Amino acid sequence: MDLLWALLTLPYAPVRGLTAVVGVVAREAESRQRNPVNIRRELEELDAAAAAGELSAEERDRAEQRVLDRLTGGARSGERSRPARRGPAREGGVRDDRRRRPGTTA
């Protein structure tokens, strides 16, 4: 039965091989992107560019944050972090996010 299955799925062998190769390439790219040596080199390049006047302080800070987010697993590239949504505020600006138990008064 295994021989018959192997013969029937033989046309899909290139797809399985390509999937395996893509997986290996993706893992290698991820490891290089998160490698602390590469992160440090990129940060040094940003500092050198800022010292040469190629980047403003704000641009350098944003670029450093993107590099550090990549290292720490923060926001993915292309995504912007959004502020947390908060519930409605009660009078006086004080929020009451606690759930009330039945039969209790606030």
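The structure we're discussing is the one just above.
Computed from a predicted structure; not experimentally measured. (Residues numbered from 1 in each chain as written. Predicted model: local features only at pLDDT ≥ 70, side-chain atom pairs only at ≥ 80, totals over all residues. Heavy atoms only, no water.)

Student: Explain the overall build of the protein to me, using residue names and the numbers behind them.
Tutor: In terms of regular secondary structure, the protein is built from four helices and zero strands. Helices and strands appear in the protein in the N-to-C order α-α-α-α. Among the 106 residues that make up the protein, the fraction classed as buried is 10%. Within the protein, contacts between residues at least 6 apart in sequence are counted, and of these 38% link residues at least 24 apart. (Helix = DSSP H or I, 4+ residues; strand = E, 2+ residues; numbered from the N terminus. Buried < 20%, exposed > 50% of the residue type's maximum accessible area, 1.4 Å probe, protein only. Contact = heavy atoms within 4.5 Å.)

Student: Describe the packing of helix H3 (residues 36-51) against helix H4 (residues 57-72), and please don't skip the residues or the numbers.
Tutor: Between H3 and H4, the shortest axis-to-axis distance is 10 Å and the interhelical angle comes to 180°. The angle between H3 and H4 falls in the class roughly antiparallel. Judged by residue contacts, Ile39, Glu42, Leu43, Leu46, Asp47 and Ala50 of H3 engage Arg60, Ala63, Glu64, Val67, Leu68, Arg70 and Leu71 from H4. (Axes fitted to C-alpha atoms, helices over the stretch in contact; angles between N-to-C directions. Parallel < 35°, antiparallel > 145°, perpendicular 65-115°, else oblique.)

Student: An account of the pattern of salt bridges is requested, with residue identities and associated values reported.
Tutor: Two side chains bearing opposite charge may form a pair once their charged atoms approach each other closely. Across all of its chains, the model carries eight salt bridges by this definition. Measuring nitrogen to oxygen at the nearest pair gives 3.0 Å for the salt bridge that ties Arg32 to Glu28. Separated by four residues within a single helix, Arg32 and Glu28 lie in helix H2 (residues 13-33), roughly one turn from each other. By relative accessible area, which is 38% here, Glu28 ends up partly exposed. (Salt bridge = Lys/Arg side-chain N within 4 Å of Asp/Glu carboxyl O.)

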